[in-house]
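Notes for the structure review
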Amino acid sequence: QVQLVESGGGLVQPGGSLRLSCAASRAIYTIPVMGWYRQAPGKEREFIARISTGGSTNYASSAKGRFTNSRDNAKNTVYLQMTSLQPEDTAVYCCNAFVAPYDYWGQGTQVTVSS
């Protein structure tokens, strides 16, 4: 089992940056894949990025070039560095851990991009 706690969300102006953190309750080197998803009001949950234990990353087209997913095994934390944020990035961002056959989710952190 894994508990995930996100932090780092908030209000940012268009063009700004935020770094989200996801702290796990167990050593993340034991979690094959950790990722980030987001859900905007009235929309379905959307994949943003994932990172494997080996450090391989995948990004949604909406995130490529602007977002960076990283991990710190010593802190059992994964990060999502977001730059060039736009109003359409406004959503609740959730951390995900896949430990077969289960998916685990954090409670989410709100990101609002507005002037």
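Further up the page is the structure itself.
Read on for an overview of the structure. (Residues numbered from 1 in each chain as written. Predicted model: local features only at pLDDT ≥ 70, side-chain atom pairs only at ≥ 80, totals over all residues. Heavy atoms only, no water.)

Okay, the side chain of Asp 89 next. In this structure, Asp 89 sits in the loop between strand E8 (77–82) and strand E9 (91–99). Beyond its immediate stretch of four places on either side in the chain, Asp 89 contacts Arg 38, Arg 66, Phe 67, Ser 84, Val 111 and Val 113. (Helix = DSSP H or I, 4+ residues; strand = E, 2+ residues; numbered from the N terminus. Contact = heavy atoms within 4.5 Å.)

Tracing the chain through its elements places Leu 20 in strand E3 (residues 18–24). Linking Leu 20 and Gly 108, residues 88 residues apart in sequence, is a C-alpha distance of 10 Å. Not counting the four nearest positions on each side in its chain, Leu 20 is found in contact with Ser 7, Gly 8, Gly 9, Trp 36, Val 78, Tyr 79, Leu 80, Met 82, Tyr 93, Thr 109 and Val 111.

Glancing now at the pattern of salt bridges. In total, this model carries three salt bridges according to the counting rule given. With a shortest N-O distance of 2.9 Å, Arg 38 and Asp 89 are connected by a salt bridge. In this pair, Arg 38 is assigned in strand E4 (residues 33–39) and Asp 89 in the loop between E8 and E9, connecting sequence segments 51 residues apart. Judged by its relative accessible area of 7%, Arg 38 falls in the buried class. Among the ionic pairs, Arg 66 bridges to Asp 89, the shortest N-O distance being 2.8 Å. Within this pair, whereas Arg 66 is found in the loop between strand E6 (57–59) and strand E7 (67–72), its partner Asp 89 is found in the loop between E8 and E9, the two being separated by 23 residues in sequence. (Salt bridge = Lys/Arg side-chain N within 4 Å of Asp/Glu carboxyl O. Buried < 20%, exposed > 50% of the residue type's maximum accessible area, 1.4 Å probe, protein only.)

Another aspect to go through is the packing of aromatic side chains. Enumeration according to the criterion identifies three aromatic pairs in this entry. Relative to Phe 47, the ring of Tyr 37 lies with its centre 5.6 Å away and its plane at 70°, an arrangement referred to as edge-to-face. Here Tyr 37, found in strand E4, pairs with Phe 47, found in strand E5 (residues 46–52); they are ten residues apart in sequence, far enough to count as distant. Measuring from ring centre to ring centre gives 5.1 Å for Tyr 37 and Trp 105, while their planes differ by 70°; the resulting arrangement is edge-to-face. Separated by 68 residues along the polypeptide, Tyr 37 in strand E4 and Trp 105 in strand E10 (residues 102–105) bring together distant segments of the chain. Among the residues examined, Trp 105 registers a relative accessible area of 31% and is labelled partly exposed. Connected via pairs of aromatic rings, a cluster forms that spans Tyr 37, Phe 47 and Trp 105. The aromatic ring of Trp 105 is capped on one face by Arg 45, whose charged end is 3.9 Å from the ring centroid. (Phe/Tyr/Trp six-rings, centres within 6.5 Å; stacked < 30°, edge-to-face > 60°. Lys NZ or Arg CZ within 6 Å of the ring centre and 35° of its normal.)

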